[in-house]
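The chain contents come next:
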Amino acid sequence: ERTVSDTWPRLSKFVLSACAASVAELVTFPLDLTKTRLQIQGEAALKQHGESGLAMPYRGMVRTAAGIVQEEGLLKLWQGATPAVYRHIVYSGVRMVAYEQIRDSPLGKGDNETFPLWKAVVGGMMSGAIGQFFASPTDLVKVQMQMEGKRRLEGKPPRVRGVYHAFVTIVSKGGFRGLWAGWVPNVQRAALVNMGDLTTYDTVKHFLLRNTNLKDNSICHSISSICSGLVAATLGTPADVIKTRIMNQPRDKHGRGILYKSSTDCFIQAVRGEGFLSLYKGFIPTWMRMAPWSLVFWLTYEQIRRIVGVSSF
């Protein structure tokens, strides 16, 4: 008898990827919140606009996380987790299906039915960009919700009260297009991260299977995940900083950003005002999150895949 995975293989991969990503996101979300708070600290553009209450002392990853717990409460480490899960249902599902479609297409395979590295890089970047474009509105809501605790401590009125209210507020101020504010650096980041994640995982996994005695098991998946997490964090952090700042910036009554005109303008202001290394603010929690995120995702993915009988990635 034909199973569901045989009848609708792409749909099965979409559901499988969404489930695995949701588990990984909830497990590692506090690191994502910590990373976002670090990326916002010390914005040169805010000082130029005379914003008060933002000259907070720099705190490292541990002190930032401890400060959130002490000042806002333990559960606030998961503030914004709901739109983050929504985002990964869309993003991870689309990127996995798109990557496999590109990899399995006639244009993807080489003469010996293998997937060359350069095609894996292109496929990873394309699938990440496609997935993130569709998921960008949920990422915008997530970033704004993650910053609500900090705004309250600074004595500012809340911008959003929940996921639904955030969507309504964004649309009322900037129209439907406002949901895609910051989508350019977001897509750029996703393309780089996906190249580091999917491409590295796929390449390392198949390299280990072809050239070592390792089998297609948790050890092989763990090594591949650690490599993919490091590469993804290194490539994606600068674009992530730009994306976070553009999404979090205040907007005028027409929904236009007040601090930055574009991702290029944000990049220039950050480098001029804070130095090149400002593009790597939050790198440690990003790396520490991406490695276990990738590990949890792929281990969950591979385990569920075997249970339901979906073909290997």
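See the structure above.
Predicted model, so just to flag it, every value in this text is computed and none were measured.

Draft legend 1. Representation of the overall build of the chain. The helix and strand inventory of the chain stands at twelve helices and zero strands. Along the chain, helices (α) and strands (β) appear in the sequence α-α-α-α-α-α-α-α-α-α-α-α when read from the amino end. Counting over 313 residues, the chain shows a buried share of 53%. Look at the contacts in the chain between residues 6 or more apart in sequence, and 78% of them connect residues 24 or more apart. Surface accessibility of the chain: about 14700 Å² in total, with carbon and sulfur atoms responsible for 66%.

Draft legend 2. Here's a closer look at the side chain of Lys35. By the secondary structure assignment, Lys35 is in helix α2 (residues 9-40). Under the relative-accessibility criterion, Lys35 is labelled buried at 4%. There is a polar contact of 3.1 Å between the side chain of Lys35 and the side chain of Asp32. Of note is the side chain of Lys35, whose polar atom sits 2.9 Å from the side chain of Asp240. For Lys35, the contacting residues outside a window of four places in its chain are Asp240, Gly282, Pro285 and Thr286.

Draft legend 3. Looking closely at empty space enclosed by the protein. The tally for this structure, following the rule as stated, stands at two cavities of 30 Å³ or more. Considered as a void within the structure, the largest cavity measures approximately 220 Å³ in volume. Along the wall of the largest cavity there are 21 residues; nearest its centre are His88, Arg189, Val193, Met290 and Trp293. Ranked by the residues each element gives to the lining of the largest cavity, the list is headed by helix α10 (residues 218-248), at five residues. Its residues assigned to classes, the lining of the largest cavity comprises five nonpolar, four polar and twelve charged.

Draft legend 4. Focus on the environment of Met195. Mapped onto the fold, Met195 is located in helix α9 (residues 183-211). When the C-alpha positions of Met195 and Val122 are compared, they lie 7.7 Å apart, and in sequence the two are 73 residues distant. If sequence neighbours within four positions are ignored, Met195 has contacts with Val121, Gly124, Met125, Thr200 and Leu235.

Draft legend 5. Here's a closer look at the packing of α10 against helix α11 (residues 263-274). One way to put it is that α10 packs onto α11 with a least axis distance of 10 Å and a crossing angle of 110°. Comparing their axes, α11 and α10 come out roughly perpendicular. Here Ile242, Arg245 and Ile246 of α10 come into contact with α11, specifically with Ser263, Cys266, Phe267, Ala270 and Glu274. Residue classes in the contact of α10 with α11 are distributed as five nonpolar, one polar and two charged.

About the thresholds
Residues numbered from 1 in each chain as written. Predicted model: local features only at pLDDT ≥ 70, side-chain atom pairs only at ≥ 80, totals over all residues. Heavy atoms only, no water. Helix = DSSP H or I, 4+ residues; strand = E, 2+ residues; numbered from the N terminus. Buried < 20%, exposed > 50% of the residue type's maximum accessible area, 1.4 Å probe, protein only. Contact = heavy atoms within 4.5 Å. Areas by Shrake-Rupley, 256 points an atom, 1.4 Å probe, with all protein chains shown as cover. Polar contact = N/O pair within 3.5 Å; in protein donor to acceptor, adjacent residues only side chain to side chain. 1 Å grid on protein atoms, 1.4 Å probe; cavity = no way out; pocket = protein on both sides within 12 Å on 5 of 7 lines; lining within 4 Å. Points joined across faces, edges and corners; volume = space filled by probe spheres on them. Nonpolar A, V, L, I, M, F, W, Y, C, P; charged D, E, K, R; others polar. Axes fitted to C-alpha atoms, helices over the stretch in contact; angles between N-to-C directions. Parallel < 35°, antiparallel > 145°, perpendicular 65-115°, else oblique.

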